[in-house]
Amino acid sequence: MIRRIVLSLFFILLSLPIVANEVELNPDHPKRYTVVKGDTLWDISGMFLKFPWHWPDIWYVNPQIENPHLIYPGDELSLVYRDGRPVLELNRGKRDVKLSPQVRETMLDKPIPTIPLSAVGPFLSKPRVVGAEVLDNAPYVVASADERLISASGDYVYARGVEPDSSDDFAVFRGGKVYTDPDTSEVLGYEAIYTADASLVTEGDPAKMDITYSNREVQIGDRLLEIEDENYDLNFIPRSPEQQMDGRIISVFDGVSQVGQYQIVVLNLGNRDGLETGHVLSVWKAGETIPDQVTADRKDVVTLPDEHAGEAMVFKIYDKVSFALVMKATKAIHLYDRVKSAP
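Residues numbered from 1 in each chain as written. Predicted model: local features only at pLDDT ≥ 70, side-chain atom pairs only at ≥ 80, totals over all residues. Heavy atoms only, no water.

**A few points about the overall build of the protein**
Right, on to step 1. Looking only at helices and strands, the protein has four helices and 22 strands in total.
Right, on to step 2. For the protein, the proportion of its 343 residues judged to be buried stands at 40%.
Right, on to step 3. By sequence separation, contacts in the protein at least 24 residues apart represent 66% of the contacts at least 6 residues apart.
Right, on to step 4. Of the roughly 19,600 Å² of accessible surface on the protein, a fraction of 51% belongs to carbon and sulfur atoms. (Helix = DSSP H or I, 4+ residues; strand = E, 2+ residues; numbered from the N terminus. Buried < 20%, exposed > 50% of the residue type's maximum accessible area, 1.4 Å probe, protein only. Contact = heavy atoms within 4.5 Å. Areas by Shrake-Rupley, 256 points an atom, 1.4 Å probe, with all protein chains shown as cover.)

**Regarding the confidence of the model for the protein**
Right, on to step 1. Per-residue pLDDT for the protein averages 84, and the proportion of residues at 70 or more is 85%.
Right, on to step 2. In the predicted structure, residues 103-107 sits below a pLDDT of 50 and forms eight contacts with residues beyond four places in sequence or in another chain. (pLDDT = per-residue confidence, 0-100.)

**Some points on the sheet that holds strand β3 (residues 85-91)**
Right, on to step 1. Taken together, three strands build an open sheet; the order of strands is β1-β2-β3 and the sheet is antiparallel. Across the chains shown, the open sheet's two edge strands, defined by having one partner strand only, are β1 (32-34) and β3. Neighbour-to-neighbour, the strand axes of this sheet turn through a mean angle of 25°, independent of strand direction.
Right, on to step 2. Of the strands in this sheet, β1, β2 (76-82) and β3 touch helix α2 (residues 41-48), which is tilted by about 160° from β1. (Pairing = 2+ DSSP bridges. Axes fitted to C-alpha atoms, helices over the stretch in contact; angles between N-to-C directions.)

**Here's the deal with the sheet that holds strand β15 (residues 246-252)**
Paired through their backbone hydrogen bonds, the strands of a sheet run either parallel or antiparallel.
Right, on to step 1. Strand order in the closed barrel formed by six strands is β15-β16-β21-β20-β17-β22, with antiparallel pairing between adjacent strands. Averaged over all pairs of adjacent strands, the angle between strand axes in this sheet comes to 45°, irrespective of strand direction.
Right, on to step 2. Where strand β16 (residues 264-267) meets strand β21 (residues 322-329), four bridges bridge the pair, whose relative direction is antiparallel. By the bridge assignment, Leu 267 is partnered in β21 with Ser 322.

**Brief notes about the pairing of β2**
Right, on to step 1. Sheet analysis places β1 next to β2, joined by three bridges and oriented antiparallel. Considered in β2, the bridge of Thr 34 is made with Glu 76.
Right, on to step 2. Across seven bridges, the pairing between β2 and β3 is antiparallel. Directly across from Arg 82, in β3, lies its bridge partner Arg 85.
Right, on to step 3. The turn linking β2 back onto β3 is made up of two residues, and Asp 83 within it adopts a positive phi angle of 55°.

**Here's the deal with a negative patch on the surface**
Right, on to step 1. A surface patch of negative charge is lined by Glu 163, Asp 165, Asp 168, Asp 169, Glu 203 and Glu 226.
Right, on to step 2. Its location among the elements puts Asp 165 in the loop between β9 (156-160) and β10 (169-180).
Right, on to step 3. What makes Asp 165 exposed here is its relative accessible area of 71%. (Patch = residues over 30% accessible without salt bridge, like charges linked within 9 Å, V, L, I, M, F, W, Y side chains within 5 Å. Salt bridge = Lys/Arg side-chain N within 4 Å of Asp/Glu carboxyl O. Lys, Arg positive; Asp, Glu negative; His and termini not counted. Charge placed at Lys NZ, Arg CZ, Asp CG, Glu CD.)

**Section: the packing of aromatic side chains**
Geometrically, a pair of aromatic rings is defined through the distance of the ring centres and the angle of the planes.
Right, on to step 1. Overall, the coordinates contain six aromatic pairs when judged by the stated rule.
Right, on to step 2. Their ring planes at 40° and their centres at 5.3 Å tell us that Phe 51 and Trp 53 sit as a pair that is tilted.
Right, on to step 3. With a relative accessible area of 22%, Phe 51 lands in the partly exposed category.
Right, on to step 4. Summarising the aromatic geometry, the rings of Tyr 318 and Phe 323 are spaced 5.8 Å apart at their centres and angled 70° between planes, so their arrangement reads as edge-to-face.
Right, on to step 5. Using a relative accessible area of 13% as the deciding quantity, one classes Tyr 318 as buried. (Phe/Tyr/Trp six-rings, centres within 6.5 Å; stacked < 30°, edge-to-face > 60°.)

**Points about the side chain of His 279**
Right, on to step 1. Relative to the helices and strands, His 279 resides in the loop between β16 and β17 (280-285).
Right, on to step 2. The buried category is assigned to His 279, whose relative accessible area is 0%.
Right, on to step 3. From its side chain, His 279 meets the backbone nitrogen of Glu 276 in a polar contact 3.1 Å long.
Right, on to step 4. Sequence-distant contacts of His 279, defined by excluding residues within four places in its chain, comprise Arg 239, Ser 240, Pro 241, Glu 242, Gly 274, Ala 312, Met 313 and Val 314. (Polar contact = N/O pair within 3.5 Å; in protein donor to acceptor, adjacent residues only side chain to side chain.)

**Considering the environment of Glu 203**
Right, on to step 1. The topology assignment puts Glu 203 in the loop between β11 (187-202) and β12 (207-214).
Right, on to step 2. Along the primary structure Glu 203 and Val 162 are separated by 41 residues, whereas in three dimensions their C-alpha atoms are 7.7 Å apart.

**Quick look at the pattern of salt bridges**
Right, on to step 1. Across all of its chains, the model carries eleven salt bridges by this definition.
Right, on to step 2. Between Arg 338 and Asp 246 there is a salt bridge, with its nearest N and O atoms 3.3 Å apart. In this pair, Arg 338 is assigned in strand β22 (residues 338-341) and Asp 246 in strand β15, connecting sequence segments 92 residues apart.
Right, on to step 3. Residue Asp 246 is classed as partly exposed on the basis of its relative accessible area, which comes to 48%.
Right, on to step 4. Through salt bridges with shared partners, one network takes in Glu 186, Arg 272 and Lys 320.

**Observations concerning the nonpolar core**
Considering soluble globular proteins, one finds that nonpolar side chains tend to be buried as a cluster.
Right, on to step 1. Val 120, Phe 315 and Phe 323 are the most contacted members of the largest nonpolar core, which totals 25 residues.
Right, on to step 2. Among the secondary structure elements, those contributing two or more residues to this core are α3 (117-125), β16, β20 (307-317) and β21.
Right, on to step 3. The dominant element in this core, judged by the number of residues it contributes, is α3, at four residues.
Right, on to step 4. Structurally, this core is a two-domain feature, drawing no fewer than three residues from each of domain 2 (127-226) and domain 3 (246-341).
Right, on to step 5. Residues in contact with Phe 315, not counting those within four places in the same chain, are Ile 115, Val 120, Phe 123, Leu 124, Phe 236, Ile 264, Thr 277, Phe 323, Ala 324 and Leu 325. (Core = buried A, V, L, I, M, F, W, Y, C linked by side-chain atoms within 4.5 Å. Domains from an automatic or database assignment.)

Printed below as a string of structure tokens:
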């Protein structure tokens, strides 16, 4: 009897699908694809995979190819099988070469980004998350050259606190939202809203500054921060976090109440939580709490289960918060919805 049960269990286990580390391909995946300008790694991953963040599971790194992790327009990707597992191989495309009598210069296309630069570009160097002391201690606009209350591109302003050995170029910011954890009430940081670029004209206290560019008015009290390095890298790998993440959306840009694809959200997760650029998180719509109308007194309440609403990819990280781009939204996404490690 026991032997019969053991044999039955053995055959049942043999019939079960192997799910560990199994890669699910897109049923309509191509066998080959030639990369073109405008492609993103996320789009290409979605051509071949059901879950684009499983890209590391099928990407075959050929050490004989220069920069094997980067993909350029003109490259050909081929889906093949090695030891029964699907892998993507890279065949490097041709490069345009420009010749001149004096130098030989190879003109390389830029590698394709992981996510659209047009969607995240303004958020990479302009909006910042800072501690309260950063804005409090930063140089500030004390007056305009023409006694105006507001200034714009082409105007001059005076600023206090500009050190003689500091940079000549600054970004002008204004204090914005306070980012607070909805569960613990911890202050995670302060939003610094970008208003303009300014260049030092004359040192002193106050120093004279030229507003070289503005996307909104510059006001007395606005703060000056040295411009961040804009050599950002969008060639990170989409992947699920190695450890379990559990956080919330704590802010939504553009003042919208419902979030859709390619909109930016702020998460209450950052470097201290082990989050990295390229990490993909599943978004879960918080279950609504409703009265139980079946009970006799109708005073009982019940909370409906959370529902999967999409995926978001992290592209910029601070210590306690991060910026993420919503890559897919199957339901309306709202403020305070949960984010968890993608499967």
